[in-house]
Amino acid sequence: MSENVIRRLDKDGHMYFMDYKGDYYDPKIIEEVIRRNTQAPGCSCFLTHNEKGEVLTCRNYDLGHRVSAEDPSYTGLNVVMHCKPQGKYESIGIADAVWLDPFSPLYQTGGPDLPDFDPEMFLSLPYACMDGLNEKGLSANLLKVVIKKGDQPAMAEYSCGILLRNILDNCASVDETVELVKNFRYRPEDWQSVHVFVTDANGKSVIMESRNGKLSIAETDIASNFYLCSNDAEDSYRNGALHERAVILSGLDGKSRYSYGSGHGYHRFACMLSQLEMYQDRSSEEYRTVMPESQAKVILRSVIQNTNTRAAGVTMTQYSAIYNNTAGTMKVWSYQDFSTSFSFDVTGKEISE
């Protein structure tokens, strides 16, 4: 692991880059992931196309990490991570390092710059990746789902990180991903605290989710933090918060295009949907959306989370990213600073703007 390259990207110490050189399939590393057993990504995602016809997967990562029980200030340590495991696909992705030890200052803002930081502490970081893109143009993204009262919670929360890693390392298309998930060593009930938004270079996109141990897969170009494969027909209150009534929207052809389940993320979903509808290419059979990358960035900015977004829930957008599935590149903005971006290709090479 001494060959690892870890360097800061932003001025505030929220985002770093790491070129991972070790074997993260080592059983000892997997054991550490299982022991930790924590991960709960928030987020908003959508798929669109740029004016060249290239596929774009767009993502906000929302998670309100706190410094400590005594200090409720937000903190974050995100790492753009290049991985090239032997015999598997090369990829670029973004990991949330705070999950490795949520209250250690070494895993918070500026942690890798502290004198006590050791690169060995990032051995299991590939399994804290929240999203990524591999050399085949396959992107996978973890998003939290709100477990309704009476529903079964996840049996093994750590398994969602292992699942994402296996998707990026082994799958070249959405169809291959579906087959992997159906036959994965972790059962659907293990990772049902999240659903997985998967897109590929052909423009196909699906959500894969598990509810009470049942795996469901649906085509969609938008996802946030509620079930899309379930149609809950009633409002419900949980912990004093209202979870919205199910809604089904129909396209111009009269067919149902989106189903809203219940849970956090309804407002963000509706906000993304209303803007994407404006950019539909109605000459295409699938009504795909086409827009400049700058407009995709505007949509991401419209659904960021911070202390001023109470109508849509309060958390913190740690980063926003646009993955170009076609070109094999990604661009990321750290901690809601949309004046500065960092761009990489799947080989880990930084791309100058």
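For the structure, check the block above.
Please read all numbers here as calculations on a predicted model, not as lab measurements. (Residues numbered from 1 in each chain as written. Predicted model: local features only at pLDDT ≥ 70, side-chain atom pairs only at ≥ 80, totals over all residues. Heavy atoms only, no water.)

Engineer: Explain the packing of helix H2 (residues 159-170) against helix H3 (residues 174-182) to me, using residue names and the numbers behind them.
Structural biologist: Orientation of H2 relative to H3, taken along the N-to-C sense of each, is 140 degrees, at an axis distance of 10 Å. The orientation of H2 with respect to H3, classified from their angle, is oblique. The crossing of H2 and H3 is right-handed. On H3, the residues that touch Leu-163, Asn-166, Ile-167 and Asn-170 of H2 are Glu-176, Thr-177, Leu-180 and Val-181. Of the residues that constitute the contact of H2 with H3, the class distribution is four nonpolar, three polar and one charged. (Axes fitted to C-alpha atoms, helices over the stretch in contact; angles between N-to-C directions. Helix = DSSP H or I, 4+ residues; strand = E, 2+ residues; numbered from the N terminus. Parallel < 35°, antiparallel > 145°, perpendicular 65-115°, else oblique. Left-handed = near helix turned anticlockwise from the far one by under 90°. Contact = heavy atoms within 4.5 Å. Nonpolar A, V, L, I, M, F, W, Y, C, P; charged D, E, K, R; others polar.)

Engineer: Help me get a handle on the pairing of strand S5 (residues 78-83), residues and values and all.
Structural biologist: With six of six residues buried, S5 is to be regarded as a mostly interior element. Burial of the side chains of S5 extends over both faces: Asn-78, Val-80 and His-82 are buried on one face and Val-79, Met-81 and Cys-83 on the other. Across five bridges, the pairing between strand S2 (residues 15-19) and S5 is parallel. Note that in S5 the partner of Phe-17 across the bridge is Val-80. Pairing geometry for S5 and strand S6 (residues 91-96), over six bridges, is antiparallel. Bridging across to S6, Cys-83 finds its partner in Ser-91. (Buried < 20%, exposed > 50% of the residue type's maximum accessible area, 1.4 Å probe, protein only. Pairing = 2+ DSSP bridges.)

Engineer: Which residues make up the packing of helix H4 (residues 266-276) against helix H5 (residues 293-302), and what values do they have?
Structural biologist: Each pair of packed helices can be described by the angle between their axes along with the distance between the axes. Two numbers describe how H4 lies on H5: the axes approach to 9 Å, and their chain directions differ by 155 degrees. By the angle between their directions, the pair H4 and H5 is classed as roughly antiparallel. Like other packed secondary-structure pairs, H4 and H5 cross with a definite hand, here right-handed. Contacts between H4 and H5 pair Cys-271, Met-272, Gln-275 and Leu-276 from the former with Gln-295, Val-298, Ile-299 and Ser-302 from the latter. In terms of residue class, the contact of H4 with H5 is built from five nonpolar, three polar and no charged.

Engineer: Lay out the pattern of salt bridges in plain terms, naming residues and giving numbers.
Structural biologist: The full count for this structure, using the stated rule, is 13 salt bridges. Between Asp-175 and Lys-204 there is a salt bridge whose closest N-O contact spans 2.7 Å. In this pair, Asp-175 sits in helix H3 while Lys-204 sits in the loop between strand S9 (194-199) and strand S10 (205-211), placing the two residues 29 residues apart along the sequence. The class of Asp-175 is partly exposed, set by a relative accessible area of 46%. Overall, the relative accessible area of 31% leaves Lys-204 in the partly exposed class. The shortest N-O distance in the salt bridge between Arg-187 and Glu-189 comes to 3.5 Å. (Salt bridge = Lys/Arg side-chain N within 4 Å of Asp/Glu carboxyl O.)

Engineer: I'd like to hear about unusual backbone geometry, residue by residue, with values.
Structural biologist: Most peptide bonds are trans, and most residues other than glycine sit at a negative phi. Its identity is not glycine, yet Asn-212 carries a phi of approximately 55 degrees, on the positive side. A positive phi angle is found at Tyr-335, which is not glycine, with a value near 50 degrees. Turning to its location among the elements, Tyr-335 is positioned in the loop between strand S18 (329-334) and strand S19 (342-345). Classification of Tyr-335 by relative accessible area gives buried; the value is 18%.

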